[in-house]
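# Analysis of the macromolecular model
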Amino acid sequence: MSSLGQVLDRAFGHPRGPLGRLGGVVMARGNAATEHHVVEVAKPTEQECVLVVGPGPGVGLAAAAERARHVIGVDPSQEMLDLCAQRCADAVEAGTVVLRHATAEHTGVDDESVDVVLGVNTLHLWEDRAGALRELHRALRPGGRMVLSAHEKWLPVGRHALARETEAAGFTDVQTWVWQPPTPFAGRAVQLRAWRQH
């Protein structure tokens, strides 16, 4: 990996250290509209439990916590978990938000224990995309839903191929579309919504 690649990875890909914290500030501003949009698409209710995969600095995590009964954030970056803890301090103290050092492939949540799965701009970082999709299917209760969003230019496969992979993991009623965030200079996002029926 080039020196520039290492810097970008430390700031945004796998945030750590001072660069990771700076990357978190940038992500909080740049991804905020998409984070709120994904929560709006998923429409979690006050009876539901939400799993946020890779919450980064916690903008979407906080938005979900305003609507849901319980929210779990899993992230492999301790720096991002620390930013989430700061942003959602009251909810963490109250126990309605729980943060875990974990990944999309290994969330650590119980089988069929969450109603909604959310993820923004992390899909391209999953080391095992098929395994992560199976893990998220396992975590969802029957009738639960998943909403993902990813920068179109960073998506490792086309959105229709992603939909087929999602179906292969057991999801049904898979829908994909392209969304343009209102943030200046933001690239188009591929979004996906899918359900667990059984």
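Scroll up to find the structure.
Going along each chain's sequence as written, the residues are numbered from 1 onward. Confidence filtering applies because this is a predicted model: local features only for residues at pLDDT of at least 70, side-chain atom pairs given and counted only at 80 or more, and all residues used for totals across whole chains, interfaces and linings. Computation of side-chain values: all heavy atoms of the structure, hydrogens and water removed.

### What about the overall build of the protein chain?
A run of H or I in DSSP counts as a helix once it spans at least four residues, and a run of E counts as a strand once it spans at least two, with each numbered from the N terminus. Helix and strand content of the protein chain: eight helices and seven strands. Summary of the burial criterion: residues with accessible area below 20% of their type's maximum are buried, those above 50% are exposed, and those between are partly exposed, where the area comes from a 1.4 Å probe applied to protein chains only. Counting across all 198 residues of the protein chain, residues that qualify as buried make up 52%. Residue contacts are defined here by distance: any two heavy atoms, one from each residue, within 4.5 Å place the two residues in contact. Taking the contacts inside the protein chain whose residues are at least 6 apart along the sequence as the reference set, 65% of them involve residues at least 24 apart. Carbon and sulfur atoms form 53% of the exposed surface of the protein chain, whose accessible area is close to 9400 Å². Surface accessibility follows the Shrake-Rupley procedure with a 1.4 Å probe radius. Residue values consider only the protein chains on display as shielding.

### Re the sheet that holds strand β4 (residues 114–120)
The pairing criterion is simple: DSSP has to find at least two bridges between the two strands. Ordered by their spatial adjacency, seven strands build an open sheet running β3-β2-β1-β4-β5-β7-β6, and the pairing between neighbours is mixed. Across the chains shown, the open sheet's two edge strands, defined by having one partner strand only, are β3 (97–101) and β6 (172–179). Shown here is a sheet whose adjacent strand axes are inclined to one another by a mean of 15°, direction ignored. Taken together, the five bridges between strand β2 (residues 70–75) and β3 define a ladder with parallel strand orientation. In the strand pairing of β3, V71 is matched with V97. To obtain each axis, a line is fitted to C-alpha atoms, and for helices this fit is confined to the stretch in contact; angles are then taken between N-to-C directions over 0 to 180 degrees. Strands β4, β5 (140–151), β6 and β7 (189–195) of the sheet are contacted by helix α3 (residues 32–42), whose axis makes an angle of about 155° with β4. Along the sheet, helix α7 (residues 129–139) makes contact with β1 (49–53), β4 and β5, crossing β5 at roughly 140°.

### Observations regarding the nonpolar core
In these notes, a set of buried Ala, Val, Leu, Ile, Met, Phe, Trp, Tyr and Cys residues joined through side-chain atoms within 4.5 Å is what counts as a nonpolar core. Formed by 30 residues in total, the largest nonpolar core has its most connected members in L51, V53, V114, V117, W126 and M146. When contributions to this core are tallied by element, the ones reaching two or more residues are β1, β2, β4, α7, β5, α8 (159–168) and β7. For L51, the residues in contact, after removing those within four places along its chain, are I72, V74, T107, V109, V114, V116, V117, L118, L136 and A139. Core analysis: the second largest hydrophobic core is formed by 20 residues, V50, A91, L118 and V120 among them.

### Comments concerning the pairing of β1
For β1, the tally of buried residues reaches five of five residues, placing the bulk of the element in the interior. On β1, burial covers both faces: C49, L51 and V53 on one face and V50 and V52 on the other are all buried. Here β1 pairs with β2 via five bridges, running parallel. When the bridges of β2 are listed, L51 appears paired with I72. The handedness rule is simple: strands pointing away from the viewer, and a clockwise path from the first strand over the helix to the second, make the crossover right-handed. For the crossover that starts at β1, traverses helix α4 (residues 59–65) and ends in the parallel β2, the hand is right-handed. Sheet topology note: the β1/β4 ladder contains four bridges and is parallel. Along β4, the bridge assignment pairs V50 with V116.

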